[in-house]
Amino acid sequence: MRVMIAGSSGLIGTSLVPHLRHTGHEVLRLVRRAPRAPDERGWDPPAGWLQSGALDGVDAVVNLCGVGIGDRRWSGARKQAIRDSRVEPTEVLAAAVAAHGIPTMVNASGISYYGDTGDREVDETAPLGAGFLAEVCRDWEAATAAAQPASRVVRLRSGAVLSPSGGLLGRLRPLFSLALGGRLGSGRQYLPWISLDDEVGAIAFLLEHPEVTGPVNLVAPEQVTNARFTEELGRAVNRPTPFPVPAVALRAVLGEAADELALTGPRAAPAVLQRHGFPYRHATLAEALSAATTR
Ligand SMILES: NC(=O)c1ccc[n+]([C@@H]2O[C@H](COP(=O)([O-])OP(=O)(O)OC[C@H]3O[C@@H](n4cnc5c(N)ncnc54)[C@H](OP(=O)(O)O)[C@@H]3O)[C@@H](O)[C@H]2O)c1
(Lines give C-alpha, C1' and ligand atoms only; values in the text may rest on other atoms or scores of the structure.)
Protein backbone atom coordinates (compact mmCIF):
# COMPACT_ATOMS: atom_id res chain seq x y z
CA MET A 1 0.00 0.00 0.00
CA ARG A 2 1.26 3.53 -0.75
CA VAL A 3 0.57 5.58 2.40
CA MET A 4 0.89 9.36 2.77
CA ILE A 5 1.45 10.56 6.34
CA ALA A 6 0.92 14.14 7.57
CA GLY A 7 2.37 15.08 10.99
CA SER A 8 4.98 12.34 10.57
CA SER A 9 7.69 14.09 12.63
CA GLY A 10 5.90 13.64 15.99
CA LEU A 11 5.81 10.97 18.68
CA ILE A 12 3.49 8.60 16.81
CA GLY A 13 4.65 9.40 13.27
CA THR A 14 8.34 8.72 13.92
CA SER A 15 7.42 5.16 14.98
CA LEU A 16 4.66 4.65 12.43
CA VAL A 17 6.84 5.47 9.40
CA PRO A 18 9.48 2.75 10.04
CA HIS A 19 6.83 0.27 11.19
CA LEU A 20 4.86 0.61 7.94
CA ARG A 21 8.02 0.40 5.83
CA HIS A 22 9.17 -2.66 7.72
CA THR A 23 5.85 -4.36 7.02
CA GLY A 24 6.09 -3.75 3.27
CA HIS A 25 4.25 -0.48 2.71
CA GLU A 26 5.58 2.47 0.73
CA VAL A 27 5.49 5.60 2.90
CA LEU A 28 5.48 9.22 1.74
CA ARG A 29 5.47 12.21 4.11
CA LEU A 30 3.80 15.58 3.85
CA VAL A 31 6.09 18.28 5.26
CA ARG A 32 5.30 21.91 6.12
CA ARG A 33 8.69 23.12 4.82
CA ALA A 34 10.51 22.70 1.52
CA PRO A 35 10.78 18.96 0.75
CA ARG A 36 14.38 17.72 0.89
CA ALA A 37 14.11 13.93 0.59
CA PRO A 38 12.65 11.76 -2.18
CA ASP A 39 9.78 10.57 0.08
CA GLU A 40 8.73 14.13 1.06
CA ARG A 41 6.00 16.27 -0.49
CA GLY A 42 5.22 19.85 0.50
CA TRP A 43 2.05 21.40 1.86
CA ASP A 44 0.84 24.46 3.73
CA PRO A 45 -2.34 23.65 5.66
CA PRO A 46 -3.38 27.24 6.65
CA ALA A 47 -3.02 28.29 3.00
CA GLY A 48 -4.89 25.18 1.83
CA TRP A 49 -1.96 24.33 -0.48
CA LEU A 50 -0.75 20.84 -1.39
CA GLN A 51 2.15 20.20 -3.78
CA SER A 52 0.86 19.22 -7.19
CA GLY A 53 0.92 15.45 -7.72
CA ALA A 54 1.61 14.81 -4.01
CA LEU A 55 -1.21 12.29 -3.73
CA ASP A 56 -0.77 10.53 -7.08
CA GLY A 57 -1.11 6.78 -6.63
CA VAL A 58 -1.69 7.07 -2.88
CA ASP A 59 -3.94 4.35 -1.35
CA ALA A 60 -4.32 5.85 2.12
CA VAL A 61 -3.73 9.14 3.93
CA VAL A 62 -2.88 9.13 7.65
CA ASN A 63 -3.24 12.52 9.37
CA LEU A 64 -1.45 12.99 12.70
CA CYS A 65 -1.24 16.82 12.73
CA GLY A 66 -1.69 19.11 15.69
CA VAL A 67 0.23 21.26 18.18
CA GLY A 68 0.84 19.69 21.61
CA ILE A 69 -2.18 19.65 23.92
CA GLY A 70 -0.55 19.15 27.31
CA ASP A 71 2.78 20.90 26.95
CA ARG A 72 1.70 24.50 27.72
CA ARG A 73 -0.83 26.36 29.83
CA TRP A 74 -3.99 27.01 27.80
CA SER A 75 -4.23 30.70 26.90
CA GLY A 76 -6.95 31.82 24.51
CA ALA A 77 -4.37 31.81 21.71
CA ARG A 78 -3.13 28.34 22.63
CA LYS A 79 -6.66 26.94 22.60
CA GLN A 80 -7.19 28.46 19.16
CA ALA A 81 -3.94 26.86 17.97
CA ILE A 82 -4.93 23.47 19.44
CA ARG A 83 -8.15 23.60 17.43
CA ASP A 84 -6.92 25.20 14.19
CA SER A 85 -3.81 23.01 13.85
CA ARG A 86 -6.12 20.00 13.79
CA VAL A 87 -9.20 21.21 11.93
CA GLU A 88 -7.46 23.08 9.06
CA PRO A 89 -5.06 20.29 8.01
CA THR A 90 -7.90 17.75 8.25
CA GLU A 91 -10.14 19.87 5.99
CA VAL A 92 -7.35 20.27 3.42
CA LEU A 93 -6.61 16.53 3.42
CA ALA A 94 -10.26 15.42 3.35
CA ALA A 95 -10.87 17.61 0.29
CA ALA A 96 -7.75 16.21 -1.40
CA VAL A 97 -8.75 12.62 -0.54
CA ALA A 98 -12.12 13.26 -2.18
CA ALA A 99 -10.62 15.00 -5.22
CA HIS A 100 -8.13 12.17 -5.85
CA GLY A 101 -10.53 9.32 -5.05
CA ILE A 102 -8.18 7.93 -2.38
CA PRO A 103 -9.80 4.85 -0.82
CA THR A 104 -8.83 5.39 2.84
CA MET A 105 -8.32 8.29 5.26
CA VAL A 106 -7.14 7.57 8.82
CA ASN A 107 -7.43 10.69 10.96
CA ALA A 108 -6.20 11.32 14.48
CA SER A 109 -8.68 12.32 17.19
CA GLY A 110 -8.69 11.80 20.94
CA ILE A 111 -10.43 9.85 23.66
CA SER A 112 -11.38 13.27 25.11
CA TYR A 113 -14.27 13.08 22.62
CA TYR A 114 -16.27 11.42 25.43
CA GLY A 115 -15.43 14.06 28.09
CA ASP A 116 -15.52 12.90 31.70
CA THR A 117 -17.56 9.71 32.10
CA GLY A 118 -16.76 8.96 35.74
CA ASP A 119 -17.16 5.20 36.36
CA ARG A 120 -19.38 4.70 33.31
CA GLU A 121 -17.66 2.64 30.60
CA VAL A 122 -18.02 4.00 27.06
CA ASP A 123 -17.36 2.49 23.66
CA GLU A 124 -17.42 4.05 20.19
CA THR A 125 -21.23 4.32 20.22
CA ALA A 126 -21.23 6.76 23.16
CA PRO A 127 -22.22 10.37 22.54
CA LEU A 128 -19.98 13.43 22.56
CA GLY A 129 -19.04 14.63 26.05
CA ALA A 130 -18.60 18.13 27.44
CA GLY A 131 -15.55 20.39 27.58
CA PHE A 132 -13.07 22.19 25.34
CA LEU A 133 -11.25 19.04 24.20
CA ALA A 134 -14.49 17.23 23.42
CA GLU A 135 -15.47 20.19 21.23
CA VAL A 136 -12.09 20.12 19.51
CA CYS A 137 -12.53 16.38 18.81
CA ARG A 138 -16.04 17.02 17.46
CA ASP A 139 -14.79 19.69 15.02
CA TRP A 140 -11.66 17.66 14.14
CA GLU A 141 -13.73 14.59 13.27
CA ALA A 142 -16.33 16.67 11.41
CA ALA A 143 -13.51 18.13 9.29
CA THR A 144 -13.13 14.71 7.59
CA ALA A 145 -16.64 15.09 6.11
CA ALA A 146 -15.55 15.93 2.54
CA ALA A 147 -13.86 12.53 2.25
CA GLN A 148 -17.11 10.71 2.91
CA PRO A 149 -18.94 8.70 1.74
CA ALA A 150 -16.66 7.99 -1.24
CA SER A 151 -13.70 7.04 0.98
CA ARG A 152 -13.38 4.94 4.10
CA VAL A 153 -12.70 7.29 7.02
CA VAL A 154 -11.30 5.93 10.29
CA ARG A 155 -11.12 8.25 13.32
CA LEU A 156 -8.49 7.35 15.88
CA ARG A 157 -9.78 8.21 19.35
CA SER A 158 -6.47 7.65 21.12
CA GLY A 159 -5.81 7.50 24.82
CA ALA A 160 -2.48 8.69 26.28
CA VAL A 161 0.27 7.03 24.26
CA LEU A 162 2.93 5.53 26.54
CA SER A 163 6.36 5.70 24.97
CA PRO A 164 9.93 5.49 26.29
CA SER A 165 10.39 9.18 25.45
CA GLY A 166 7.97 12.07 25.14
CA GLY A 167 4.22 12.15 25.66
CA LEU A 168 2.71 11.58 29.11
CA LEU A 169 5.56 9.43 30.41
CA GLY A 170 8.13 11.94 29.16
CA ARG A 171 6.54 14.50 31.48
CA LEU A 172 5.87 12.21 34.45
CA ARG A 173 8.98 10.07 34.57
CA PRO A 174 11.47 12.69 35.80
CA LEU A 175 9.11 13.53 38.70
CA PHE A 176 8.52 9.88 39.57
CA SER A 177 12.25 9.14 39.41
CA LEU A 178 12.73 11.78 42.13
CA ALA A 179 9.95 10.14 44.20
CA LEU A 180 7.82 13.25 43.54
CA GLY A 181 5.08 11.37 41.69
CA GLY A 182 1.65 11.11 43.27
CA ARG A 183 -1.94 10.56 42.35
CA LEU A 184 -3.69 13.62 40.95
CA GLY A 185 -6.65 14.94 42.90
CA SER A 186 -8.86 12.09 44.15
CA GLY A 187 -7.10 9.63 41.83
CA ARG A 188 -10.48 8.07 41.01
CA GLN A 189 -10.62 9.54 37.47
CA TYR A 190 -9.88 7.09 34.63
CA LEU A 191 -6.75 7.47 32.53
CA PRO A 192 -7.20 5.75 29.15
CA TRP A 193 -3.78 4.67 27.82
CA ILE A 194 -2.16 2.64 25.03
CA SER A 195 1.47 1.64 24.46
CA LEU A 196 3.26 3.26 21.54
CA ASP A 197 3.80 -0.18 19.97
CA ASP A 198 0.05 -0.85 20.09
CA GLU A 199 -0.87 2.65 18.86
CA VAL A 200 1.32 2.15 15.81
CA GLY A 201 0.29 -1.51 15.41
CA ALA A 202 -3.38 -0.52 15.57
CA ILE A 203 -2.98 2.19 12.89
CA ALA A 204 -1.30 -0.39 10.60
CA PHE A 205 -4.05 -2.91 11.46
CA LEU A 206 -6.76 -0.38 10.58
CA LEU A 207 -5.07 0.46 7.27
CA GLU A 208 -5.05 -3.24 6.43
CA HIS A 209 -8.66 -3.96 7.51
CA PRO A 210 -10.94 -2.25 4.97
CA GLU A 211 -14.04 -3.49 6.80
CA VAL A 212 -13.38 -1.13 9.73
CA THR A 213 -14.72 2.38 9.39
CA GLY A 214 -15.70 5.30 11.66
CA PRO A 215 -14.47 5.96 15.20
CA VAL A 216 -12.06 3.53 16.86
CA ASN A 217 -10.94 3.81 20.48
CA LEU A 218 -7.17 3.33 20.55
CA VAL A 219 -6.88 2.31 24.18
CA ALA A 220 -5.67 -0.80 25.96
CA PRO A 221 -8.21 -3.29 27.33
CA GLU A 222 -7.06 -2.73 30.91
CA GLN A 223 -8.88 0.29 32.31
CA VAL A 224 -7.08 2.05 35.16
CA THR A 225 -7.74 5.02 37.39
CA ASN A 226 -5.15 7.72 37.94
CA ALA A 227 -4.39 6.24 41.38
CA ARG A 228 -3.71 2.78 39.87
CA PHE A 229 -1.61 4.32 37.11
CA THR A 230 0.42 6.23 39.70
CA GLU A 231 1.04 3.08 41.75
CA GLU A 232 2.10 1.07 38.67
CA LEU A 233 4.43 3.79 37.39
CA GLY A 234 6.01 4.13 40.84
CA ARG A 235 6.57 0.35 40.84
CA ALA A 236 8.02 0.41 37.30
CA VAL A 237 10.62 3.04 38.22
CA ASN A 238 11.12 1.60 41.68
CA ARG A 239 10.12 4.70 43.62
CA PRO A 240 7.42 5.36 46.21
CA THR A 241 4.51 7.67 45.32
CA PRO A 242 3.48 8.94 48.75
CA PHE A 243 2.37 12.51 48.00
CA PRO A 244 -0.99 13.08 46.28
CA VAL A 245 -1.06 16.25 44.17
CA PRO A 246 -4.11 18.30 45.28
CA ALA A 247 -6.51 19.47 42.59
CA VAL A 248 -6.06 23.08 43.69
CA ALA A 249 -2.28 22.91 43.11
CA LEU A 250 -2.77 21.36 39.67
CA ARG A 251 -5.23 24.09 38.71
CA ALA A 252 -2.76 26.73 39.88
CA VAL A 253 -0.06 25.31 37.59
CA LEU A 254 -2.06 24.12 34.58
CA GLY A 255 -5.11 26.37 34.73
CA GLU A 256 -8.17 25.08 32.88
CA ALA A 257 -6.17 22.22 31.34
CA ALA A 258 -5.86 20.62 34.79
CA ASP A 259 -9.52 19.63 34.85
CA GLU A 260 -9.65 18.24 31.33
CA LEU A 261 -6.23 16.57 31.13
CA ALA A 262 -5.50 15.44 34.65
CA LEU A 263 -8.48 15.52 37.01
CA THR A 264 -11.14 13.90 34.81
CA GLY A 265 -11.18 11.31 32.05
CA PRO A 266 -13.37 8.85 30.21
CA ARG A 267 -13.50 5.17 31.09
CA ALA A 268 -13.12 4.01 27.50
CA ALA A 269 -13.21 0.48 26.12
CA PRO A 270 -11.62 -0.60 22.80
CA ALA A 271 -14.78 -2.29 21.52
CA VAL A 272 -14.00 -1.98 17.79
CA LEU A 273 -10.38 -3.16 18.03
CA GLN A 274 -11.41 -6.13 20.16
CA ARG A 275 -14.33 -7.05 17.90
CA HIS A 276 -11.93 -7.19 14.96
CA GLY A 277 -9.33 -9.21 16.87
CA PHE A 278 -6.51 -6.66 17.13
CA PRO A 279 -3.55 -8.47 18.74
CA TYR A 280 -2.29 -6.22 21.56
CA ARG A 281 1.40 -6.44 22.48
CA HIS A 282 0.81 -4.71 25.81
CA ALA A 283 -2.69 -5.45 27.08
CA THR A 284 -1.84 -4.63 30.70
CA LEU A 285 -0.39 -1.44 32.12
CA ALA A 286 2.39 -3.35 33.89
CA GLU A 287 3.56 -4.76 30.52
CA ALA A 288 3.38 -1.37 28.80
CA LEU A 289 5.26 0.44 31.58
CA SER A 290 7.87 -2.24 31.73
CA ALA A 291 8.45 -1.90 27.95
CA ALA A 292 8.48 1.91 28.14
CA THR A 293 10.76 2.27 31.17
CA THR A 294 13.37 -0.42 30.48
CA ARG A 295 14.30 0.55 26.91
N1 LIG B 1 0.50 11.16 21.88
C2 LIG B 1 -0.66 11.00 22.52
O3 LIG B 1 -0.71 10.59 23.70
C4 LIG B 1 -1.96 11.29 21.78
C5 LIG B 1 -3.17 10.94 22.40
C6 LIG B 1 -4.36 11.24 21.76
C7 LIG B 1 -4.36 11.88 20.51
N8 LIG B 1 -3.15 12.20 19.94
C9 LIG B 1 -3.19 12.93 18.66
O10 LIG B 1 -2.49 12.21 17.66
C11 LIG B 1 -1.79 13.11 16.81
C12 LIG B 1 -0.32 12.72 16.77
O13 LIG B 1 0.14 12.67 18.10
P14 LIG B 1 1.70 12.83 18.46
O15 LIG B 1 1.84 12.47 19.88
O16 LIG B 1 2.54 12.17 17.42
O17 LIG B 1 1.83 14.41 18.32
P18 LIG B 1 3.15 15.30 18.25
O19 LIG B 1 4.34 14.54 18.67
O20 LIG B 1 2.85 16.58 18.93
O21 LIG B 1 3.28 15.55 16.67
C22 LIG B 1 2.26 16.15 15.94
C23 LIG B 1 2.78 16.59 14.59
O24 LIG B 1 1.85 17.54 14.07
C25 LIG B 1 2.53 18.42 13.21
N26 LIG B 1 2.22 19.79 13.62
C27 LIG B 1 2.73 20.49 14.67
N28 LIG B 1 2.23 21.74 14.70
C29 LIG B 1 1.39 21.82 13.64
C30 LIG B 1 0.58 22.86 13.11
N31 LIG B 1 0.53 24.07 13.67
N32 LIG B 1 -0.17 22.60 12.00
C33 LIG B 1 -0.14 21.37 11.41
N34 LIG B 1 0.64 20.36 11.86
C35 LIG B 1 1.37 20.59 12.96
C36 LIG B 1 4.03 18.16 13.35
O37 LIG B 1 4.42 17.33 12.24
P38 LIG B 1 5.15 17.93 10.92
O39 LIG B 1 6.13 18.95 11.42
O40 LIG B 1 5.78 16.72 10.31
O41 LIG B 1 4.07 18.55 10.09
C42 LIG B 1 4.11 17.32 14.62
O43 LIG B 1 5.20 16.47 14.60
C44 LIG B 1 -2.01 14.53 17.38
O45 LIG B 1 -3.04 15.16 16.67
C46 LIG B 1 -2.45 14.26 18.82
O47 LIG B 1 -3.32 15.24 19.33
C48 LIG B 1 -1.97 11.92 20.54
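What you see as residue numbers is a count from 1 along each chain, following the sequence as written. This being a predicted model, a pLDDT of at least 70 is required before a residue's local features are given, and a value of 80 or more before pairs of side-chain atoms are given or counted; all residues contribute to the totals for chains, interfaces and linings. As a rule here, side-chain values cover all heavy atoms of the structure and leave hydrogens and water aside.

Asks: Just to check I follow, could you spell out the overall build of the protein chain for this structure?
Replies: In terms of regular secondary structure, the protein chain is built from 10 helices and 12 strands. Only C-alpha atoms enter the radius of gyration; for comparison, a globular chain is expected to reach 2.2 Å times N to the power 0.38, where N is the number of residues. On C-alpha atoms alone, the protein chain measures out to a radius of gyration of 19 Å, which is about the 19 Å that the 2.2 N^0.38 rule sets for 295 residues. When its C-alpha atoms are laid out on the principal axes, the protein chain stretches across 55 × 40 × 40 Å. Residues counted as buried form 51% of the 295 residues belonging to the protein chain. Only DSSP runs of H or I reaching four residues or more are called helices, and only runs of E reaching two or more are called strands; each is numbered from the N terminus. For every residue, the accessible area obtained with a 1.4 Å probe (protein chains only) is divided by the maximum for its type, and the residue is called buried under 20%, exposed over 50%, and partly exposed between those limits.

Asks: When you look at the side chain of Ser 85 in this model, what are you seeing that I'm missing?
Replies: Within the fold, Ser 85 resides in helix α2 (residues 76-100). The buried category is assigned to Ser 85, whose relative accessible area is 18%. Within the local environment of Ser 85, its side chain forms a polar contact with the backbone oxygen of Ala 81, the two atoms lying 2.7 Å apart. Note on contacts: a residue pair qualifies if any of its non-hydrogen atoms lie within 4.5 Å across the two residues. Leaving out residues up to four positions away in the same chain, Ser 85 has contacts with Cys 65, Gly 66 and Val 67. Whenever two N or O atoms come within 3.5 Å, that pair is a polar contact, provided that in protein one can donate a hydrogen and the other can accept it, and provided that, for residues adjacent in sequence, both atoms are side-chain atoms.

Asks: Would you take a moment to explain the packing of aromatic side chains for this structure?
Replies: Only rings of Phe, Tyr and Trp enter the pairing, Trp through its six-membered ring, and a pair is recorded when the two centres are within 6.5 Å. The plane angle decides the type: under 30 degrees is stacked, over 60 is edge-to-face, the rest tilted. The tally for this structure, following the rule as stated, stands at 4 aromatic pairs. Between the aromatic rings of Phe 205 and Phe 278, the centroid separation amounts to 5.3 Å while the plane-to-plane angle is 70 degrees, which identifies the pairing as edge-to-face. Of this pair, Phe 205 sits in helix α5 (residues 196-208) while Phe 278 sits in the loop between α9 (271-275) and α10 (285-293), and the two are 73 residues apart along the sequence. The interplanar angle of 75 degrees and the centroid separation of 4.9 Å between the aromatic rings of Phe 278 and Tyr 280 together place this pair among those described as edge-to-face. As far as burial versus exposure is concerned, Phe 278 and Tyr 280 are alike and both buried.

Asks: Mind showing me how you'd approach unusual backbone geometry here?
Replies: What is expected of a backbone is that most residues other than glycine have negative phi and most peptide bonds are trans. Between Gln 148 and the following residue, Pro 149, the backbone shows a cis peptide bond with an omega angle of 0 degrees. Among the structural elements, Pro 149 can be located in the loop between α3 (132-142) and β8 (152-158). Unusually for a residue other than glycine, Asn 238 sits at a positive phi of about 60 degrees. As for its position among the elements, Asn 238 is in the loop between α6 (226-236) and α7 (247-254). A relative accessible area of 65% means that Asn 238 is categorised as exposed.

Asks: In this structure, what is going on with the site of the ligand? I would like to understand it.
Replies: Around the ligand, a shell composed of 21 residues is seen, among which Ser 9, Leu 11, Arg 32, Arg 86 and Val 161 lie nearest. One of the backbone nitrogen or oxygen atoms of Gly 10 is found 3.0 Å away from an oxygen atom of the ligand. Gly 66 is positioned with one of its backbone polar atoms (N or O) 3.1 Å from an oxygen atom of the ligand. Surface accessibility in these figures is a Shrake-Rupley result with a 1.4 Å probe; residues are shielded only by whichever protein chains are displayed. When isolated, the ligand has an accessible area of 890 Å², and the protein chains bury 77% of it. Looking at the shell around the ligand, the elements with two or more residues in it are α2, β6 (104-110) and β9 (160-162). Top contributing element to the shell around the ligand by residue count: α2, with 3 residues. Broken down by class, the residue content of the shell around the ligand amounts to 10 nonpolar, 9 polar and 2 charged. Near, as used in this document, describes a residue that has one of its heavy atoms within 4 Å of the molecule or strand being considered. In this count, Pro and Cys sit with the nonpolar residues alongside Ala, Val, Leu, Ile, Met, Phe, Trp and Tyr, while Asp, Glu, Lys and Arg are called charged and the others, Gly among them, polar.

Asks: Help me understand the nonpolar core in this model?
Replies: Note that soluble globular proteins tend to have their nonpolar side chains buried in a common cluster. Core analysis: the biggest nonpolar cluster contains 46 residues, and Ile 5, Val 62, Ile 203, Leu 206, Leu 218 and Leu 273 have the highest contact counts within it. In terms of residues, this core owes the most to one element, α5, which gives 8 residues. Within the second largest apolar cluster, 20 residues are counted, among which are Ala 54, Leu 55, Val 58 and Leu 93. Side-chain atoms within 4.5 Å are what join buried Ala, Val, Leu, Ile, Met, Phe, Trp, Tyr and Cys residues into a set we call a nonpolar core.

Asks: Looking at this model, I keep getting lost on the pairing of β6. Mind explaining?
Replies: A regular strand places its side chains on the two faces of the sheet in alternate fashion. In terms of residue burial, β6 counts as a mostly covered element, since 7 of its 7 residues are buried. Burial along β6 is two-sided: Thr 104, Val 106, Ala 108 and Gly 110 facing one way and Met 105, Asn 107 and Ser 109 facing the other are all buried. Pairing between two strands is assigned when DSSP locates at least 2 bridges connecting them. Relative to β6, strand β5 (residues 60-63) is paired through 4 bridges, and the arrangement is parallel. Residue Val 61 lies in a different strand from β6, and its bridge partner there is Met 105. Note on handedness: a clockwise path from strand one over the helix to strand two, with the strands aimed away from the viewer, defines a right-handed crossover. Of the crossover connections in this fold, the one passing from β5 over α2 to the parallel β6 is right-handed. As paired elements, β6 and β8 share 7 bridges and run parallel to each other. Looking at the pairing, Gly 110 lines up with Ser 158 of β8.

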